[in-house]
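One-letter residues, chain by chain:
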Amino acid sequence: MHEHIKQRIETIISNIDQLPSIPEVASKIINMVNDPNVSFKAIAEEISKDQSMTTNILKLCNSAFFSKGKEITSIDRAIVTLGLKEVKDIVMVVATKPVLDKFVIGYDLAKGDLWKHGLVVATVSKNIAMDVSRKDIADVVFTGGIIHNVGKVVLALFVQSTFKDIMAAVETKSITFSQAERDIMGFSHQEVGEKILTKWQFPTVLKSIVRFYQDPEQAPKEHRAEVSIVHIANTLSLMAGIGIGSDGLYHQLNGTALEVLGIKEDLLEKQFSRIPETIKQVRDLL
């Protein structure tokens, strides 16, 4: 293990100001939506406090990806037309794009690759949730899909300098890339991602997705379905060559995830075949 790198990473994750930030309104909205007693008006008012975010949200509301065919000119109208959870999804797209739409050099991802991969995983996750009759968590796995790799943004520089050692550990020990990250640097990108979501004050289920999306069998039982969906969506997206980077070849489909959701091969084939269409759909969000 590179102790000096572990110490540098510890310094970063222990100093909240050094971790990536998102607009405060996004953290508020994601928690307000989980409150069964919250009013549409309160959420619209909260979003409208951030004029820049409001402008970008309305732009996406009228995009081909989210639009229901009616022009939307206000946040109130967006909530009525699209629904509260759909508007929350749009808020997450707007809030997280500046964090994820960048070069991630250590993982061999060009600018936009991590963002595109997250959007595809989010969309495939939402589709899987609908196909397994879990509409109730479709918005959760959409958000989880977008941000599942957020820890890579912080670890990229350290991975770049330790990449040869990480790959040597993968090959000699027959372990996953993320396990090798932990062995060499003291942290995996999932663990760092969980720290980032703690800073953002995101719900526990999203922290579980980020922390365990590669190891769904280790996820808390109450979140295993959500984690499993994002795991499958991520694996299918990598199989399609979306955001594969330096570690993508070392991700394998976990049998536990399929068992948890009762997914058969025909559904996997269906979702995989839809990925080219999904890529076209997300172009408005890139």
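Look up a bit, the structure's there.
Definitions and limits used
- Residues numbered from 1 in each chain as written.
- Predicted model: local features only at pLDDT ≥ 70, side-chain atom pairs only at ≥ 80, totals over all residues.
- Heavy atoms only, no water.
- Helix = DSSP H or I, 4+ residues; strand = E, 2+ residues; numbered from the N terminus.
- Rg over C-alpha atoms; globule rule 2.2 N^0.38 Å.
- Buried < 20%, exposed > 50% of the residue type's maximum accessible area, 1.4 Å probe, protein only.
- Contact = heavy atoms within 4.5 Å.
- Areas by Shrake-Rupley, 256 points an atom, 1.4 Å probe, with all protein chains shown as cover.
- Lys, Arg positive; Asp, Glu negative; His and termini not counted.
- Charge placed at Lys NZ, Arg CZ, Asp CG, Glu CD.
- Axes fitted to C-alpha atoms, helices over the stretch in contact; angles between N-to-C directions.
- Parallel < 35°, antiparallel > 145°, perpendicular 65-115°, else oblique.
- Left-handed = near helix turned anticlockwise from the far one by under 90°.
- Nonpolar A, V, L, I, M, F, W, Y, C, P; charged D, E, K, R; others polar.
- Polar contact = N/O pair within 3.5 Å; in protein donor to acceptor, adjacent residues only side chain to side chain.
- Phe/Tyr/Trp six-rings, centres within 6.5 Å; stacked < 30°, edge-to-face > 60°.

Novice: Which residues make up the overall build of the protein, and what values go with them?
Specialist: The helix and strand tally for the protein stands at 16 helices and zero strands. What you see for the protein is a C-alpha radius of gyration of 19 Å, in line with the 19 Å of a compact globule of 286 residues. When the backbone C-alpha atoms are referred to their principal axes, the protein occupies close to 55 × 45 × 35 Å. Buried positions account for 57% of the 286 residues belonging to the protein. A fraction of 68% describes how many contacts in the protein between residues 6 or more apart in sequence connect residues 24 or more apart. Total accessible area on the protein is roughly 12800 Å²; 49% of this is exposed by carbon and sulfur atoms. Here the protein holds 33 positive side-chain charges and 35 negative ones, and the gap between their average locations is 3 Å.

Novice: Before we move on, can you summarise the packing of helix α7 (residues 113-131) against helix α8 (residues 138-147) with the specific residues and values?
Specialist: One can describe the packing of α7 onto α8 by two numbers: an axis separation of 7 Å at closest approach and a directional angle of 160°. Viewed along their axes, α7 and α8 adopt a mutual orientation that is roughly antiparallel. When the axes of α7 and α8 are compared, the crossing they make is right-handed. Residues W115, G118, L119, V121, A122, T123, S125, K126, A129 and M130 of α7 pack against A138, V141, F142, G145 and I146 of α8. A breakdown of the residues in the contact of α7 with α8 according to their chemical character gives ten nonpolar, four polar and one charged.

Novice: Pulling in residues and values, what's your account of helix α12 (residues 204-212)?
Specialist: Most of α12 sits out of view: eight of its nine residues are buried. All of the buried residues in α12 are V205, L206, K207, S208, I209, V210, R211 and F212. Contacts made by the buried residues of α12 are with α2 (24-32), α8, α10 (177-185), α11 (189-199) and α13 (224-239).

Novice: Go over the side chain of T96 with me, naming the residues and quoting the values.
Specialist: Relative to the helices and strands, T96 is located in helix α6 (residues 84-100). Judged by its relative accessible area of 1%, T96 falls in the buried class. Within polar-contact distance, the side chain of T96 engages the backbone oxygen of M92 at 2.6 Å. Once residues within four sequence positions are removed from consideration, T96 is found in contact with W115, I146, I147 and W200.

Novice: Give a detailed account of the environment of V91, specifying residues and quantitative values.
Specialist: Within the secondary structure, V91 is located in helix α6. Given the relative accessible area of 0%, V91 is considered buried.

Novice: Tell me what's going on with α2, and back it up with residues and numbers.
Specialist: Considered for burial, the residues of α2 that qualify are V25, A26, S27, I29, I30 and M32. Tucked inside the fold, the buried residues of α2 contact α3 (40-48), α4 (51-61), α6, α8 and α12.

Novice: Describe the packing of aromatic side chains, with residues and values.
Specialist: Here the structure, examined in full by the defined rule, presents six aromatic pairs. Here the aromatic rings of F65 and F66 are separated by 4.7 Å at their centres, their planes lie at 70°, and the arrangement is edge-to-face. No difference in accessibility class separates F65 from F66, as the two residues are buried. Arranged with centres 6.2 Å apart and planes meeting at 50°, the rings of Y107 and F177 form a pair that is tilted. Here Y107 is found in the loop between α6 and α7, whereas its partner F177 is found in helix α10, with 70 residues between them in sequence.

Novice: Run through unusual backbone geometry, naming residues and quoting values.
Specialist: Look at D108: it is not a glycine, yet its phi comes out positive at around 60°. Although it is not a glycine, S133 adopts a positive phi angle of roughly 60°. Locating S133 in the fold gives a position in the loop between α7 and α8. Judged by its relative accessible area of 65%, S133 falls in the exposed class.

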